[in-house]
Amino acid sequence: MLKRTFAALLLASAAACTPPAPPQSTETETPPPQELACNTLTPDLARQVSVETPPVAAIASDLRGGELTPGLYDLTSARRVGAATGWNGTRAVALEVSEDTTTGVVTLNWAGTTPTSVVDRWSATLTEAPQARLTYTCGRVGDVDASFAAASRALELRIADGADGELQLAFAQR
């Protein structure tokens, strides 16, 4: 009997030293944000550009089109025009311009990121007539007013942003 009592005490003391089982979580972990694969561009994180916010309402420059040169471009400057609601902080952007030689359709593939966020990707077609517009085909929905000025190895693109504003973006070809 003493042996049984000793064994029961030993078993009870061992159970007291065993840590309790971890509580079962009923919450599921939030999955990391998913990156939409509209294109395979990668922005150069070393080329972060800060958007300029002029102290007075900036007047948009006249962007008169031009012949777009297909290729890969990097953002070199960004400026708010009017009451744009766009970016805060800095952003690196890679923009690929391509043209279907059969149909003449111009496609813009965009990949942008802040130093700490996932890559924001979209694709759109750019039409010039009767008015320049971007029609999103991936990553965003709808279409927006846009204008551009193309020069050798450079591109300025102005995109409607918010209710009464635009972002004017300058790019240099890689």
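The preceding data block contains the structure.
Before going into details, it helps to say that this report is about the structure given with it. Note that this is a predicted model, so its numbers are computed, not measured. (Residues numbered from 1 in each chain as written. Predicted model: local features only at pLDDT ≥ 70, side-chain atom pairs only at ≥ 80, totals over all residues. Heavy atoms only, no water.)

So, on to the overall build of the protein chain. In terms of helices and strands, the protein chain carries one helix and nine strands. Listing every helix and strand of the protein chain by position from the N terminus yields α-β-β-β-β-β-β-β-β-β. Expressed as a percentage of its 174 residues, the buried residues of the protein chain come to 34%. When contacts within the protein chain are restricted to residue pairs at least 6 apart in sequence, those whose partners lie at least 24 apart make up 54%. About 11,100 Å² of surface is accessible on the protein chain, with carbon and sulfur atoms providing 57% of the total. (Helix = DSSP H or I, 4+ residues; strand = E, 2+ residues; numbered from the N terminus. Buried < 20%, exposed > 50% of the residue type's maximum accessible area, 1.4 Å probe, protein only. Contact = heavy atoms within 4.5 Å. Areas by Shrake-Rupley, 256 points an atom, 1.4 Å probe, with all protein chains shown as cover.)

Another point: the pattern of salt bridges. Side-chain pairing between opposite charges can occur once the charged atoms of the two side chains come close. With the rule as written, the count across this model stands at seven salt bridges. Close ionic contact of Asp74 with Arg174 constitutes a salt bridge, the shortest N to O distance being 2.7 Å. Of the two residues, Asp74 is situated in strand β2 (residues 71-83) and Arg174 in the segment after β9 (164-173); the sequence distance between them amounts to 100 residues. Asp74 sits in the buried class, given a relative accessible area of 3%. Here Arg174 falls in the partly exposed class, since its relative accessible area comes to 44%. Residue Glu166 is joined to Arg158 by a salt bridge in which the shortest nitrogen-to-oxygen separation is 3.3 Å. (Salt bridge = Lys/Arg side-chain N within 4 Å of Asp/Glu carboxyl O.)

Turning to the nonpolar core, a few remarks are in order. Ranked by size, the top nonpolar core spans 28 residues in total, and within it Trp87, Leu95, Leu134, Leu155, Leu169 and Phe171 carry the most contacts. Considering every element that reaches this core, the biggest residue donor is strand β7 (residues 143-151), with four residues. Residues within four places of Trp87 in sequence aside, it is in contact with Val51, Leu75, Ala78, Arg80, Val93, Trp110, Leu167 and Leu169. (Core = buried A, V, L, I, M, F, W, Y, C linked by side-chain atoms within 4.5 Å.)

Here the structure, examined in full by the defined rule, presents one disulfide. Between the sulfur atoms of Cys38 and its disulfide partner Cys138 the distance amounts to 2.0 Å. Since a negative S-S torsion denotes a left-handed disulfide, the Cys38-Cys138 link at about -85° is left-handed. Linking Cys38 in the loop between α1 (2-17) and β1 (49-52) with Cys138 in strand β6 (residues 133-138), this pair joins segments that are 100 residues apart in sequence. We classify Cys38 as buried; its relative accessible area is 16%. (Disulfide = S-S within 2.5 Å.)

So, about the packing of aromatic side chains. On inspection of all chains with the given rule, the structure shows three aromatic pairs. When the centroid spacing of 5.0 Å and the interplanar angle of 15° are considered together, the rings of Trp110 and Trp122 count as stacked. With Trp110 in strand β4 (residues 106-113) and Trp122 in strand β5 (residues 120-127), this residue pair connects regions lying 12 residues apart in the sequence. Taken individually, Trp110 and Trp122 each receive the classification buried, so the pair is uniform in this respect. (Phe/Tyr/Trp six-rings, centres within 6.5 Å; stacked < 30°, edge-to-face > 60°.)

Secondary-structure assignment places Asp161 in the loop between β8 (154-160) and β9. The buried charged residue Asp161 lacks any salt bridge, with Arg80 as its nearest oppositely charged partner at 5.8 Å. Apart from residues no more than four positions distant in its own chain, Asp161 is found in contact with Ala83, Ala84, Thr85, Gly86, Glu166 and Leu167. (Lys, Arg positive; Asp, Glu negative; His and termini not counted.)

By volume, the largest pocket amounts to about 180 Å³. Of all the elements in the fold, those that place two or more residues in the lining of the largest pocket are β5, β8 and β9. (1 Å grid on protein atoms, 1.4 Å probe; cavity = no way out; pocket = protein on both sides within 12 Å on 5 of 7 lines; lining within 4 Å. Points joined across faces, edges and corners; volume = space filled by probe spheres on them.)

Let us now look at unusual backbone geometry. Following Ala129, the chain continues into Pro130 via a peptide bond in cis, with omega recorded as 0°. Looking at the secondary structure, you find Pro130 in the loop between β5 and β6. The residue Arg153 is not glycine, and still its phi comes out positive at about 65°. Within the fold, Arg153 resides in the loop between β7 and β8.

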